[in-house]
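Now for the letters of each chain:
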Amino acid sequence: MSKPKVGIFGLTGCAGDELAILNLEDELLDLAAAVDIIDFPMAMSGNDQEAPLDVAFVEGSVVTSHDVKTLKKIRERASLLVAIGTCAVWGGVPALANEISREELKRKVYGEAGKDFDSIPAQPLSSFVRVDFNIPGCPMEKNQFLKAVASLLHGDLPLLPTYAVCTECKMKENICLLKEKDQLCLGPITVAGCEALCPSHGIPCQGCRGPLEEANIASEAKLFREKGYTVEDIQKRLRAFAAPAEVIQSFVSKE
Ligand code: SF4
Ligand code: SF4
């Protein structure tokens, strides 16, 4: 039986998710044995840039019209398209700049020459094409990528956590940085999967994995307020990894 054909691509991002795949070390040979990676421009030469793909993994946000064209071509080739990393899933750090117009941004950064640059407001893949599955994280966790590949090889869509970072934090028996130390930790409203990496090192969660779908925003807004944080404090932190506008806005409406 032929192996599934896989492509791994990067749009505009730091390449951290592609590097996470290359850094699989112990598992990389098994991965190469289980799937046929035919197009991985960052890591290989001689790529087949036209053949149909069973699965395309795509990192990075869409920041140029060239990205849009590249993404649409990948979508046409792929039976399944998986967004890897927070930039691809939510827009990520590049979307931080979306609060000012592109024209103004280009002028500020590049001066007069900026008007010639191909640049659009940073957006997630799902703004342009159908995305079959998301693996968030900045970068994504390698175990989640491997679990996703294993599920896809069995013909299933992967199951990733649908609970908050706090759940993993409690399982590790960490002291709560929000309740015990009054720090602005976004663990209650951030989707789990990192095993509470930052709070386990005494650092508040910055929300890099993106918002939890069923977060209790009203309750969290109340708790943050009790700890002395303003709406602006919370929104500023949420913006760092491009939480969607409705999540950021919801902290105003719950005040
Ligand atoms: S430290 Fe942060 S992630 Fe951990 S339980 Fe407290 S609020 Fe949740
Ligand atoms: S604890 Fe929060 S900021 Fe840290 S890796 Fe996990 S989701 Fe990202």
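Residues numbered from 1 in each chain as written. Chains lettered and ligands numbered in written order. Predicted model: local features only at pLDDT ≥ 70, side-chain atom pairs only at ≥ 80, totals over all residues. Heavy atoms only, no water.

1. A look at the overall build of the chain
- Secondary structure assignment for the chain yields 10 helices and five strands.
- Seen through its C-alpha atoms, the chain measures out along the principal axes to roughly 60 × 50 × 25 Å.
- For the chain, the computed accessible surface area is about 13500 Å², with 54% contributed by carbon and sulfur atoms.
- Within the chain, the 36 negative side-chain charges are centred at a point lying 4 Å from the centre of the 27 positive side-chain charges. (Helix = DSSP H or I, 4+ residues; strand = E, 2+ residues; numbered from the N terminus. Areas by Shrake-Rupley, 256 points an atom, 1.4 Å probe, with all protein chains shown as cover. Lys, Arg positive; Asp, Glu negative; His and termini not counted. Charge placed at Lys NZ, Arg CZ, Asp CG, Glu CD.)

2. Let's talk about the pairing of strand β3 (residues 53-59)
- Burial runs high along β3: six of the seven residues are buried.
- Across five bridges, the pairing between strand β1 (residues 5-10) and β3 is parallel. Residue pairing across strands places G7 opposite A56, the latter belonging to β3.
- Alignment of β3 against strand β4 (residues 78-84), held across six bridges, turns out to be parallel. By the bridge assignment, A56 is partnered in β4 with L81. (Buried < 20%, exposed > 50% of the residue type's maximum accessible area, 1.4 Å probe, protein only. Pairing = 2+ DSSP bridges.)

3. Here's the deal with the site of ligand 2
- The local shell around ligand 2 consists of T190, C194, C198, P199, C205, Q206, G207, C208 and R209.
- Broken down by class, the residue content of the shell around ligand 2 amounts to five nonpolar, three polar and one charged. (Near = heavy atom within 4 Å. Nonpolar A, V, L, I, M, F, W, Y, C, P; charged D, E, K, R; others polar.)

4. Side note on the site of ligand 1
- Lining the immediate surroundings of ligand 1 are V165, C166, C169, C176, L177, L178, C185, G187, P188 and P199.
- For the shell around ligand 1, the per-class residue count stands at nine nonpolar, one polar and no charged.

5. Overview of helix α8 (residues 217-226)
- Regarding α8, the residues found buried are I217, E220, A221, L223 and F224. Along α8, the residues classed as buried sweep out an arc of 165° about the axis, all on the same side.
- One or two steps after α8, the chain reaches G228, where phi turns positive at roughly 95°. (Arc of directions from axis to C-beta.)

6. Observations regarding helix α3 (residues 65-77)
- For α3, spanning 13 residues, the distance from its first C-alpha to its last is 19 Å, which sits close to the expected 18 Å at 1.5 Å a residue.
- Those residues of α3 that fall on the buried side of the exposure criterion are D67, V68, L71, I74, R75 and R77.
- Buried positions along α3 lie against β1, β2 (36-39), β3 and β4. (Expected span 1.5 Å × (residues − 1). Contact = heavy atoms within 4.5 Å.)

7. Topic: unusual backbone geometry
- Here the amide bond leading from C138 into P139 is cis, since omega sits at 0°, within 30 degrees of zero.
- If you trace the backbone, P139 turns up in the loop between β5 (133-135) and α6 (142-153).

8. Quick look at the sheet that holds β1
- If you walk across this open sheet you meet the five strands as β2-β1-β3-β4-β5, and the pairing is parallel. One side of each edge strand has no neighbouring strand; the edge strands of this open sheet are β2 and β5. Here the average twist between neighbouring strands, direction ignored, is 30°.
- Taken strand by strand, α3 contacts β1, β2, β3 and β4, and its axis lies near 135° from that of β4. (Axes fitted to C-alpha atoms, helices over the stretch in contact; angles between N-to-C directions.)

9. Notes on the nonpolar core
- I189, F224, L238 and F251 are the most contacted members of the largest nonpolar core, which has 25 residues in total.
- Residues in contact with L238, not counting those within four places in the same chain, are L186, I189, A243, V247, I248 and F251. (Core = buried A, V, L, I, M, F, W, Y, C linked by side-chain atoms within 4.5 Å.)

10. Section: the pattern of salt bridges
- Evaluated as defined, the whole model comprises 11 salt bridges.
- Among the salt bridges present, the one from D36 reaches K5, with a minimum N-O distance of 3.6 Å. You can see D36 sitting in strand β2 and its partner K5 sitting in strand β1, a full 31 residues away along the chain.
- For the salt bridge of R75 with D132, the shortest nitrogen-to-oxygen distance reads 3.0 Å. Residue R75 is found in helix α3, and its partner D132 is found in the loop between α5 (102-110) and β5; the two are separated by 57 residues along the sequence.
- In this structure R75 comes out as buried when scored by relative accessible area, which is 12%.
- Since its relative accessible area comes to 21%, D132 is described here as partly exposed.
- Here the salt bridges share partners, and the residues they tie into one network are R75, R130 and D132. (Salt bridge = Lys/Arg side-chain N within 4 Å of Asp/Glu carboxyl O.)

11. Some words on a nonpolar patch on the surface
- Taken together, L19, L22 and M42 make up a surface patch of nonpolar side chains, about 220 Å² in accessible area.
- Here L22 shows up in helix α1 (residues 16-22). (Patch = residues over 30% accessible without salt bridge, like charges linked within 9 Å, V, L, I, M, F, W, Y side chains within 5 Å.)

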